[in-house]
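For reference, the chains in residue letters:
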Amino acid sequence: MSFSPDWLALREPADLAARNRDLLAHAIAVAGEDAVVLDLGSGTGSTARAFQGGACSSWTWRFVDGDPDLLDIAHSRHPQSECVVMNLRDIDDLPLAGVSLVTASALLDLMPQTWMTHLAQRLGQAGIPFYAALNYDGVMQWSPAGAGDDAITASFNRHQQTDKGIGPAMGARSGALAQHILSHNGFDVTLSQSPWQLGADQAELHRQLIAGIGDAARETGNTDAAHWAQARIADVAHAKAMIGHTDLLAVPHGSPA
Ligand SMILES: C[S@@+](CC[C@H](N)C(=O)[O-])C[C@H]1O[C@@H](n2cnc3c(N)ncnc32)[C@H](O)[C@@H]1O
């Protein structure tokens with residue numbers, strides 16, 4: 001799968017508004033000052049921008065992504081960062097030396113359960129905390145609601161579990177599965193809500209999101225998807241959407257913060 005920089009830029013303000021503030025603050029306290037932070041699936045570096053300021057000003061970011069063009073943008077926006085082009089499938093090759101916190105955002109739902117298990121084992125052995133934000137949780141609600149919304153959500157959620165590059169994805173179960181897996185690998189895990197709340201000020205994001213949901217639902221065989229997307233896009237100026245996400249923080253048992 002590839003992600004355009006334009007799409008990542010469009011979603012970044014909604015992501016920033018949605019991130020759970022308490023969990024973000026807890027992650028900052030856990031990592032402390034002068035932290036080296038490894039960000040998985042960095043894209044253009046939105047996670048680093050969500051953390052910037054205060055105690056995080058002294059952090060060093062190590063960005064990891066399979067897309068060199070996105071990493072070029074990340075590096076141009078964060079010139080002090082280290083960038084590593086690699087496939088996240090290769091967990092044993094992750095550059096964890098000296099790392100105090102591993103982060104990710106909008107990533108876990110794309111990844112397989114076996115990958116999550118392997119990552120949890122590796123981080124558990126190394127005693128490194130893990131912050132993973134904006135994991136889609138399968139809940140989408142529109143206001144006003146439409147007759148086809150639930151069926152489209154069900155189709156979209158099925159599509160979310162298809163292979164996104166390295167095996168069947170966890171999709172909407174990623175937050176709960178990651179919580180379970182990390183809990184069994186020596187971590188205290190907190191899972192918090194971080195929904196997108198889209199209104200008239202996010203009309204373009206809302207439009208592109210609906211188009212993407214419609215395409216995914218159609219690919220699963222939902223024959224109403226094109227009509228649903230067309231009607232929803234026509235109504236964006238008058239509609240609100242809630243797209244459910246969770247943020248997760250996993251701290252090794254016995255860590256001070
Ligand atoms: C939805 S984007 C999120 C980007 C960024 N974290 C953000 O929140 O804007 C997912 C990112 O993960 C990367 N990615 C997905 N699967 C990958 C894999 N198997 N190996 C390396 N990078 C991967 C993509 O290139 C993309 O940059």
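Treat the numbers as computed from the prediction; the structure is a model and nothing was measured.

**Student:** Could you clarify how one ought to interpret the nonpolar core in this entry?
**Tutor:** Where a protein is soluble and globular, its nonpolar side chains tend to be buried together. F51, W59, Y131, W196, I213 and I243 are the most contacted members of the largest nonpolar core, which has 46 residues in total. At 7 residues, the largest contribution of residues to this core is made by helix α8 (residues 203–219).

**Student:** Please clarify how helix α2 (residues 21–31) should be interpreted in this entry.
**Tutor:** Since one α-helical turn is 3.6 residues long, residues separated by three or four positions face the same way. Along α2, the residues classified as buried are L23, L24, A27, V30 and A31. Buried residues of α2, viewed axially, fall in a sector of 125 degrees; they line one side. Summarising the contacts, the buried residues of α2 are in contact with α3 (46–51), β4 (101–105), β5 (130–143), β6 (187–193) and β8 (240–252). Two to three positions downstream of the cap, the backbone nitrogen of D22 sits 3.2 Å from a side-chain oxygen, assigning the N-cap of α2 to N20. Count one or two residues on from α2 and you reach G32, which has phi positive near 75 degrees.

**Student:** Can you help me understand the packing of aromatic side chains in this one?
**Tutor:** Any pair of aromatic rings gets described here by the distance separating the centres and the angle formed by the planes. Counting across every chain of the model gives 7 aromatic pairs. Where F51 meets W59, the ring centres are 5.3 Å apart and the plane angle is 40 degrees; that geometry is what we call tilted. Both residues of the pair, F51 and W59, count as buried. Both rings, one in W142 and one in W228, keep their centres 5.2 Å apart while their planes meet at 75 degrees; by these two values the pair is edge-to-face. Pair noted here: W142 is in strand β5 and W228 is in helix α9 (residues 225–234), with a separation of 86 residues, a long-range link.

**Student:** When you look at the environment of I152 in this model, what are you seeing that I'm missing?
**Tutor:** Mapped onto the elements, I152 comes out in helix α6 (residues 149–160). A C-alpha to C-alpha distance of 13 Å links I152 and A231, two positions 79 residues apart in sequence. What I152 contacts, discounting residues up to four positions off in sequence, is I213, A217, N222, A225 and W228.

Definitions and limits used
Residues numbered from 1 in each chain as written. Predicted model: local features only at pLDDT ≥ 70, side-chain atom pairs only at ≥ 80, totals over all residues. Heavy atoms only, no water. Core = buried A, V, L, I, M, F, W, Y, C linked by side-chain atoms within 4.5 Å. Buried < 20%, exposed > 50% of the residue type's maximum accessible area, 1.4 Å probe, protein only. Helix = DSSP H or I, 4+ residues; strand = E, 2+ residues; numbered from the N terminus. Arc of directions from axis to C-beta. Contact = heavy atoms within 4.5 Å. Polar contact = N/O pair within 3.5 Å; in protein donor to acceptor, adjacent residues only side chain to side chain. Phe/Tyr/Trp six-rings, centres within 6.5 Å; stacked < 30°, edge-to-face > 60°.

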